[in-house]
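In case you want the letters, here they are:
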Amino acid sequence: GRISLFIGIVASLAVVALGSTIGIFAGYFGGIIDEVLTRVADIMLVLPQLPLMIILAALMGPGMNTILFVVIVLGWTHIYRQIRALTLSVKQYSFVEAAKAVGASNIRIIIQHIMPNVAGIIIAAFVMEVVVAILVESGLSFLGLGNLSQPTWGVMLHFAQTDAAFTWGAWWWIVPPGLCIALLG
């Protein structure tokens, strides 16, 4: 479980940091950059995620870095859209307008006024993204696209499937990793 949790936490930190940063800046500043980022996010959301993950993982080769890359590239869009929408709302509040009126810099407004108001969404997105990253890692490892030399829950299920554990009645190969994934989810 250590490697699965590591992948989940690192990937979710990167996804949340990337999506939140881009969402806050795009929502606060707007303009052409906001339009381009929103269109990129829309395109990424329309693409089928599972086939795209499998293709990316197969092209890049097995490994922890591949899984981290796949999760980060495909995971930032949901958080970006949530944070951008909330930032668009918060920047209209009177305390943000007052900060602008007294001459506060944009970075100061973002750090002191916008970020505390979107922190709840960021924390909730982090918790949910840990589970998503572990499920992606488990799924790709089960398909043989992860690093098979590292003992993750997905690799354990992969070897249980390839060694016909279910046929032999070796439930202890299947139930513990499957139960850990289910309980974490």
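The structure presented is a predicted model; accordingly, all values stated were derived computationally and were not measured.

What counts as what
Residues numbered from 1 in each chain as written. Predicted model: local features only at pLDDT ≥ 70, side-chain atom pairs only at ≥ 80, totals over all residues. Heavy atoms only, no water. Salt bridge = Lys/Arg side-chain N within 4 Å of Asp/Glu carboxyl O. Helix = DSSP H or I, 4+ residues; strand = E, 2+ residues; numbered from the N terminus. Buried < 20%, exposed > 50% of the residue type's maximum accessible area, 1.4 Å probe, protein only. Core = buried A, V, L, I, M, F, W, Y, C linked by side-chain atoms within 4.5 Å. Contact = heavy atoms within 4.5 Å.

S.K.: Would you mind showing me how to read the pattern of salt bridges here?
M.R.: Opposite charge on two side chains makes pairing possible when the charged atoms of those side chains draw close. Inspection of the entire model under this criterion finds 4 salt bridges. Here E35 and R39 are joined by a salt bridge, their closest N and O atoms 3.3 Å apart. Note that E35 and R39 are positioned in helix α2 (residues 31-46) at a spacing of 4 residues, about one turn of the helix. Owing to a relative accessible area of 38%, E35 belongs among the partly exposed residues under this scheme. Exposure remark for R39: the relative accessible area of 44% places this residue in the partly exposed category. R39 serves as the salt-bridge partner of D42, at 2.8 Å between the closest nitrogen and oxygen. Of this pair, D42 and R39 both sit in helix α2, 3 residues apart, roughly one helical turn. Judged by relative accessible area, D42 falls into the partly exposed class, the value being 24%.

S.K.: In this structure, what is going on with the nonpolar core? I would like to understand it.
M.R.: One broad trend across soluble globular proteins is that nonpolar side chains are buried collectively. By size, the foremost hydrophobic cluster in this structure holds 31 residues, and its most contacted members are V71, I114 and L140. Of all the elements in the fold, those that place two or more residues in this core are α1 (2-29), α3 (49-60), α4 (64-90), α5 (94-101) and α6 (106-142). In contact with V71, not counting residues within four places along its chain, are A11, V15, E129, A133 and V136. V130, W153, L157 and I181 belong to the second largest nonpolar core, which has 5 residues in total.

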